[in-house]
Amino acid sequence: MQGARTGRADGRHPHGPVRLVAVLGAPDSLPDAVVDEQTTVAGAYAMAQFTEDGRIGGNPIGVRDAAAVSHNLADVRTGGVAPLLAAAPNGDQTSTLPTFNALANALAGCVGGPTCDELLAAAARPGRPAPTDTFQALVEIARAPGVNVPQLFALAGVRPLFAPALGAAPTAWTLALRYQGNGRELDGPGNIAFDAQGDAWVVNNYRFDPDPHQAVCGGRALLRFTPDGRTVPGSPYRGGGVYGAGFGVAIDPTGDVWAGNFGFQGRGCPLDPSPLYRSVSQFTPDGAPLSPRTGWQVGGIVQPQGMATDHDGTVWVANCGGRSVTRIPYGDPARAQQLTAGGALVKPFGITVDAGGRVWASGNGSDSVVALNPDGSPDRVVTGGGLDKPMGEAACPPGVHTGEPISPADTGYTSDALVRNTGVQVDPSGNVWLTNNWQTVPLQTNPGGHELVVFVGLAAPVRTPLIGAPQRP
């Protein structure tokens, strides 16, 4: 394994195998540690996508970042709950802390009681043999959190050492953390793009203000967070024409960051957004603006939403305020083209690049999906089949066909850490990030949410930056 160390206590319990783990991080960073049920839950969830048959290993960046995230769940210096999980905007504001403690209690029933066989059986994923130790059991639960939920909840009540814990079974055993950086910057985060080091670049709808009654204008900053949710020193980055960015953010093969200026602003903002929502902005990997103060106003850009880049460095922009896609070949604004797809695209919202280099754009106003060749020429138009105001696009994972549920069929993976979310992205550690874009009951003066929400260890890791179709690191 590279990038992190684990401490572990292995042993045979009279009632079954007990294996407890603590993730220590970089070599010599934490020489002393407590290993217990809570550190084991934290390590299992953070390292879920890097653990097989009890052994941890994988790409150095993903493993390093996963170790940092584990310390947001448990403090290995004390063996208790980590400060980030214990306090707002987590703590008693969401059910993640009680869920975390319930998982630790289910483990405690094996460590100090007769429930090991039941725990290992309930943790088994469909089609796989039951795990042979407690650490692998928690890994299996993290990777398939919707399996055997009632049975695991019953085990959590046998030896309830940790409180507060859940009073009823959850819909799934997910752990979702809220991140808010320095607490003075997120207001309507719209989407996320990860760079090669796993940092999260976030576009913001509105200028930050904690008062929902205060009329806010469009956000003028590009935000950047570490893989464990802290504000990167020097962030936020300003200039380059950023204004009210929405769903559009992408990173090209050189590491430059592109943001789409949709022109979001709260009711009561005195500015006219129309001169400001006809551009995209470009920043260096260090956050310096490359676009002018008006942004790149090229290729018919109007209220841009989805953005994507391909392996040639071409930037693709969905013009949600119009009927076109803008193609910026090799990231050169002087060569920008406006592509109308023969009029088949109205209010395009989402855009993605497939493994063959074709570009797919969703027509929110035309109930269609349009495919374009890498050179921008039309490929095909897809309509019917239930398409109704399409927005985002994603392919199915291996072995699953269109329409088959991966998450619990009735509820999906729920969390009361979420409000009205938009962007969903996966980082190199397999954490699933969402943006709390709007409040559940929004006031139109300032409707924005104020957190990023991260489901720990829930998905297969993704190579970043995301260039074209998703790939494993």
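For the structure, check the block above.
Residues numbered from 1 in each chain as written. Predicted model: local features only at pLDDT ≥ 70, side-chain atom pairs only at ≥ 80, totals over all residues. Heavy atoms only, no water.

Describing the layout of surface pockets
Right, on to step 1. When its volume is computed, the second largest pocket comes out at roughly 220 Å³.
Right, on to step 2. Along its surface, the second largest pocket is lined by 17 residues, and Arg207, Phe208, Arg220, Ala221 and Arg238 are the ones closest to its centre.
Right, on to step 3. Within the lining of the second largest pocket, the residues separate by chemical class into 8 nonpolar, 4 polar and 5 charged. (1 Å grid on protein atoms, 1.4 Å probe; cavity = no way out; pocket = protein on both sides within 12 Å on 5 of 7 lines; lining within 4 Å. Points joined across faces, edges and corners; volume = space filled by probe spheres on them. Nonpolar A, V, L, I, M, F, W, Y, C, P; charged D, E, K, R; others polar.)

Structural notes on the sheet that holds strand β17 (residues 324-328)
Within a sheet, each strand pairs with its neighbour through backbone hydrogen bonds, oriented either parallel or antiparallel.
Right, on to step 1. Pairing is antiparallel across the open sheet formed by 4 strands, whose spatial order is β15-β16-β17-β18. Strands at the two margins of the open sheet, each flanked by one partner only, are β15 (304-309) and β18 (337-339). Across the sheet, the mean angle separating the axes of adjacent strands is 25° when strand polarity is ignored. (Pairing = 2+ DSSP bridges. Helix = DSSP H or I, 4+ residues; strand = E, 2+ residues; numbered from the N terminus. Axes fitted to C-alpha atoms, helices over the stretch in contact; angles between N-to-C directions.)

Regarding unusual backbone geometry
Right, on to step 1. Residue Pro89 follows Ala88 across a cis peptide bond; omega there is 10°.
Right, on to step 2. Relative to the helices and strands, Pro89 is located in the loop between α3 (83-86) and α4 (96-111).
Right, on to step 3. Positive phi, close to 55°, is recorded for Asp53, a residue that is not glycine.
Right, on to step 4. Of note, Asp53 is situated in the loop between β3 (51-52) and β4 (55-56).
Right, on to step 5. Of note, the phi angle at Tyr330 is positive, near 55°, even though the residue is not glycine.
Right, on to step 6. Position of Tyr330 among the secondary structure elements: in the loop between β17 and β18.

Side note on the state of the cysteines
Right, on to step 1. Across all of its chains, the model carries 2 disulfides by this definition.
Right, on to step 2. Here Cys217 connects covalently by a disulfide to Cys269, the sulfurs 2.0 Å from one another. The S-S bond linking Cys217 to Cys269 shows a torsion near 105°; that makes this disulfide right-handed. Here Cys217 is found in the loop between β9 (200-204) and β10 (221-225), whereas its partner Cys269 is found in the loop between β13 (257-261) and β14 (279-283), with 52 residues between them in sequence. Each member of the pair Cys217 and Cys269 is classed as buried.
Right, on to step 3. Taken N- to C-terminal, the disulfide-bonded cysteines of the protein chain are connected 1-2, 3-4. (Disulfide = S-S within 2.5 Å. Buried < 20%, exposed > 50% of the residue type's maximum accessible area, 1.4 Å probe, protein only.)

Some points on the packing of α4 against helix α6 (residues 134-143)
How two helices pack is summed up by the angle between their axes together with the distance between the axes.
Right, on to step 1. Axis separation between α4 and α6 bottoms out at 11 Å; the angle between their running directions is 150°. One element, α4, and the other, α6, form an angle in the roughly antiparallel class. The chirality of how α4 crosses α6 is right-handed. Together, Leu103, Leu107 and Cys110 of α4 and Thr134, Leu138 and Ile141 of α6 make up the contact between the two elements.
Right, on to step 2. Of the residues assigned to the contact of α4 with α6, the class counts are 5 nonpolar, 1 polar and no charged. (Parallel < 35°, antiparallel > 145°, perpendicular 65-115°, else oblique. Left-handed = near helix turned anticlockwise from the far one by under 90°. Contact = heavy atoms within 4.5 Å.)

What to know about α4
Right, on to step 1. With 16 residues, α4 extends 23 Å between its outermost C-alpha atoms, agreeing within 8% with the 22 Å of an ideal straight helix rising 1.5 Å per residue.
Right, on to step 2. Burial analysis of α4 places 15 of its 16 residues in the buried class, which makes it a mostly covered element. (Expected span 1.5 Å × (residues − 1).)

Focus: the side chain of Asn319
Right, on to step 1. Looking at the element boundaries, Asn319 is found in strand β16 (residues 315-319).
Right, on to step 2. A distance of 3.3 Å separates a polar side-chain atom of Asn319 from the backbone nitrogen of Val302.
Right, on to step 3. Non-local contacts of Asn319, meaning those with residues more than four positions away in its chain, are made with Gly299, Gly300, Ile301, Val302, Gln303, Pro304, Ser324, Val325, Thr326, Lys347 and Pro348. (Polar contact = N/O pair within 3.5 Å; in protein donor to acceptor, adjacent residues only side chain to side chain.)

Focus on the packing of α4 against helix α7 (residues 149-156)
Right, on to step 1. Following both chains from N to C, one finds α4 and α7 inclined at 75°, their axes separated by 7 Å at the closest point. Relative to α7, the element α4 lies roughly perpendicular. Listed contacts from α7 to Ala102, Asn105 and Ala106 of α4 are Leu152, Leu155 and Ala156.
Right, on to step 2. In the contact of α4 with α7, the residues fall into 5 nonpolar, 1 polar and no charged.

Focus on the pairing of strand β21 (residues 368-372)
Residues in a regular strand project their side chains so that they alternate between the two faces of the sheet.
Right, on to step 1. For β21, a buried count of 5 out of 5 residues is recorded, marking the element as mostly surrounded by other parts of the structure.
Right, on to step 2. Every second residue of β21 is oriented toward a common face, with Ser368, Val370 and Leu372 on one face and Val369 and Ala371 on the other, all of them buried.

Remarks on the sheet that holds strand β12 (residues 249-251)
Right, on to step 1. One open sheet holds the 3 strands; their spatial order is β12-β13-β14, and the pairing between them is antiparallel. Edge positions in the sheet fall to β12 and β14, since each has one partner strand and no second. Taking each pair of neighbouring strands and ignoring which way they run, the sheet shows an average axis angle of 20°.
Right, on to step 2. Bridge count between β13 and β14: 5 bridges; the pairing is antiparallel. Looking at the pairing, Trp258 lines up with Gln282 of β14.

Things to note about the pattern of salt bridges
Note that side chains of opposite charge can pair when their charged atoms are close.
Right, on to step 1. Scanning the entire structure with this criterion turns up 14 salt bridges.
Right, on to step 2. If you follow the salt bridges from partner to partner, you end up with Glu52, Arg125, Arg128, Glu140 and Arg143 in one network. (Salt bridge = Lys/Arg side-chain N within 4 Å of Asp/Glu carboxyl O.)

Considering empty space enclosed by the protein
Right, on to step 1. Evaluation of the coordinates by the stated rule reveals 1 cavity of 30 Å³ or more.
Right, on to step 2. In this structure, the largest cavity occupies an estimated 40 Å³ of space.
Right, on to step 3. Contributing to the lining of the largest cavity are Tyr45, Ala142, Pro145, Trp173, Thr174, Leu175, Phe455, Val456 and Leu458.

A look at the environment of Arg220
Right, on to step 1. Within the secondary structure, Arg220 is located in the loop between β9 and β10.
Right, on to step 2. In sequence terms Arg220 and Asn205 are 15 residues apart; their C-alpha atoms lie 8.6 Å from each other.
Right, on to step 3. With residues up to four places along the chain from it excluded, the contact list for Arg220 reads Tyr237, Arg238, Gly239, Val242, Tyr243, Leu271 and Leu276.

Section: the packing of aromatic side chains
Describing an aromatic ring pair means giving the distance of the ring centres and the angle of the ring planes.
Right, on to step 1. Taken as a whole, this structure holds 6 aromatic pairs when the rule is applied.
Right, on to step 2. Between the aromatic rings of Tyr179 and Trp433, the centroid separation amounts to 5.6 Å while the plane-to-plane angle is 70°, which identifies the pairing as edge-to-face. Linking Tyr179 in strand β7 (residues 176-179) with Trp433 in strand β24 (residues 432-438), this pair joins segments that are 254 residues apart in sequence.
Right, on to step 3. The class of Tyr179 is buried, set by a relative accessible area of 1%.
Right, on to step 4. Taking relative accessible area as the criterion, Trp433 reaches 0% and is therefore assigned buried.
Right, on to step 5. By way of ring pairs, the aromatic residues Tyr179, Phe194 and Trp433 are connected into one cluster. (Phe/Tyr/Trp six-rings, centres within 6.5 Å; stacked < 30°, edge-to-face > 60°.)

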